[in-house]
Structure formats: structure tokens, C-alpha cells
Amino acid sequence: MQNSRWQQEDENLFLSDTRFDHIYPAHIQKLAARHWTPLEIARKAARFLAVEHDARILDIGSGVGKFCLIAAHFKPAAKFFGVEQRRELIYHADKAKELLGLTNAEFLYGNFTQLDFRNYDHFYFYNSFYENLTGTDKIDDQLDYSVEMYHYYNRYLYRLLDRKPAGTRLATFHSLEGEVPPDYHVVKIEMDSLLKFWIKV
């Protein structure tokens, strides 16, 4: 993992978003500021979520995989999964994973509602449902957007998280928190309250 071609060419790749984002094509880089997890957020969230050896962590709406790739680099003993319903973004995530030589990240094409949450220990959520709200920036026009879909996804994720056992960890970034059941308690807040860490009691 540490001997990948990209790390040999640039040992500082994981020190800034500008450096890291260059592993993606230009049109993907342009979306980074609004849609992809910043490097420092990914590091903080990975540190909170990867608390057990072999922990299985799911990024709900993983885009081009930036959170999973950065988290996988800094927490090699954990396994990071990203689920994304845009095939093009999965393609770019897999290409970046190959370039970085990471073996503990995996990207799943599909909708999170198709997954069995019993296969995952902890969760990362960068409000991937937000695009459905009126007036928000969209990644593309490939999906059907609606306020109804936003609420449907929130309720669905709420139910899935509610079924998880005590001790389950959740990191949210830019969340409106409608998807978080009341048994999840905030244990830490960072980045002007945009990044929150939760543990189910």
C-alpha cells in the first residue's frame, strides 16, 4: 500500500486537497469544493470511526470515493466501503483506488437502500440526499430529484441506523440530522458544528 506509484511520485499527496484532487480528471476536480469530502474532514472522521481492528465502515453516497480513499490510507487496519448510484463516479473512484494502490477500500454501484446494514459497523454521511432539495447544486442531471425523495431517503436511513446495536458510530458532515435516531448521542463537534460524531447508546 505504501509503495504505490502516486506515493512514490508525491509523498505529500495526502497533505492537501489540491494535491489529492489531482488524481481525478479536471471535470471531477471542479466539483470538489461542493461535493467531495475535504481531506481534513476525512482524516478526523476516519480517526473516530475506525476504532476496532477490521472495522467495516460505510460511506453513504460516496461520490468519487474521496472519503474512503483518504480514510483507507490513514487507517489501514479498517475496511472502507462506499456506495454510489452514479456509475461514472464509481469508475473514477476505482481508478483513483488503483492509482493509490489501496487494498482496504471498495466501491459498490447502487443505492444504499439495496444494502444490508448488518454488514457494516460504523457509518459516514456527507448529506448525499441534499441534492434533492430545491435550489441546491447538483452533481449532474442523471438522477430524478425531488423533495419527496429527500424525505424518503432520510426516513429509510433513519430506520436502518435505528436497527444498529449500541456502540455504533456515525460521523455526519453538513447534515440536517433528520436521518439520525434519538439513541445516537453527539460526543464531539468540530468545524463550526458542520462535522458531528455520534455514538448509539
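Residues numbered from 1 in each chain as written. Predicted model: local features only at pLDDT ≥ 70, side-chain atom pairs only at ≥ 80, totals over all residues. Heavy atoms only, no water.

Draft legend 1. Layout of the overall build of the protein. Check the secondary structure of the protein and you find eight helices and seven strands. Whereas a compact globule of 201 residues would reach a radius of gyration of roughly 17 Å, the protein reaches 16 Å, a difference of no more than 12%. Here the protein, with 201 residues, has 51% of them falling under the buried criterion. Taking as baseline every contact in the protein between residues at least 6 positions apart, the subset at least 24 positions apart corresponds to 66%. With an accessible surface of roughly 9,900 Å², the protein has 48% of that area assigned to carbon and sulfur atoms. Side-chain charges in the protein split into 25 positive and 28 negative, and the spacing between the mean points of these groups amounts to 3 Å. (Helix = DSSP H or I, 4+ residues; strand = E, 2+ residues; numbered from the N terminus. Rg over C-alpha atoms; globule rule 2.2 N^0.38 Å. Buried < 20%, exposed > 50% of the residue type's maximum accessible area, 1.4 Å probe, protein only. Contact = heavy atoms within 4.5 Å. Areas by Shrake-Rupley, 256 points an atom, 1.4 Å probe, with all protein chains shown as cover. Lys, Arg positive; Asp, Glu negative; His and termini not counted. Charge placed at Lys NZ, Arg CZ, Asp CG, Glu CD.)

Draft legend 2. How the structure looks around the packing of aromatic side chains. One pass over the structure, following the stated rule, counts 16 aromatic pairs. A centroid spacing of 5.5 Å and a plane angle of 55 degrees characterise the contact between F14 and F20, whose relative ring orientation is tilted. F20 carries the same exposure label as F14, and that label is buried. Site record: aromatic cluster; members linked through ring pairs are F112, F125, F129, Y152, Y153 and Y156. The ring of F74 carries the charged tip of R43 above its face, separated from the ring centre by 4.4 Å. A cation over an aromatic ring shows up here: R87 above the ring of Y109, its NZ or CZ 3.9 Å from the ring centre. (Phe/Tyr/Trp six-rings, centres within 6.5 Å; stacked < 30°, edge-to-face > 60°. Lys NZ or Arg CZ within 6 Å of the ring centre and 35° of its normal.)

Draft legend 3. Summary view of the environment of A50. In this structure, A50 sits in the loop between α5 (39-49) and β1 (56-60). Separated by 127 residues in the primary sequence, A50 and E177 place their C-alpha atoms 22 Å from one another. Ignoring anything within four residues of it in the chain, the contact list for A50 reads I57, K75, A78 and F80.

Draft legend 4. Representation of the environment of R118 in the model. You can see R118 is positioned in the loop between β3 (105-109) and β4 (122-125). Residue class for R118 comes out exposed when judged on its relative accessible area of 73%. As for R118 and K164, which are separated by 46 residues in sequence, their C-alpha atoms are 7.5 Å apart. Looking at R118, its side chain comes within polar contact range of the side chain of D116, at 2.9 Å. (Polar contact = N/O pair within 3.5 Å; in protein donor to acceptor, adjacent residues only side chain to side chain.)

Draft legend 5. Region of interest: the pairing of β1. Counting buried positions over the five residues of β1 gives four, a clear majority of the element. In terms of strand pairing, β1 meets strand β2 (residues 79-84) through five bridges, oriented parallel. Its bridge partner lying in β2, R56 is registered against K79. Note on the crossover from β1 through helix α6 (residues 66-74) to β2: the handedness is right-handed. (Pairing = 2+ DSSP bridges. Right-handed = clockwise from strand over helix to strand, strands pointing away.)

Draft legend 6. View of the pairing of β4. Burial along β4 is two-sided: H122 and Y124 facing one way and F123 and F125 facing the other are all buried. In the sheet, β1 pairs with β4 via three bridges, with the strands oriented parallel. Residue pairing for β4: L58 is matched across the bridge by F123.

Draft legend 7. Main features of the sheet that holds β1. In spatial order, the strands read β3-β2-β1-β4-β5-β7-β6; together these seven strands make up an open sheet with mixed pairing. The sheet terminates laterally at β3 and β6 (184-190), the two strands that pair on one side only. Strand after strand, the sheet turns through a mean of 20 degrees between neighbouring axes, direction not considered. With five bridges connecting them, strand β5 (residues 169-173) and strand β7 (residues 195-200) associate as antiparallel partners. (Axes fitted to C-alpha atoms, helices over the stretch in contact; angles between N-to-C directions.)

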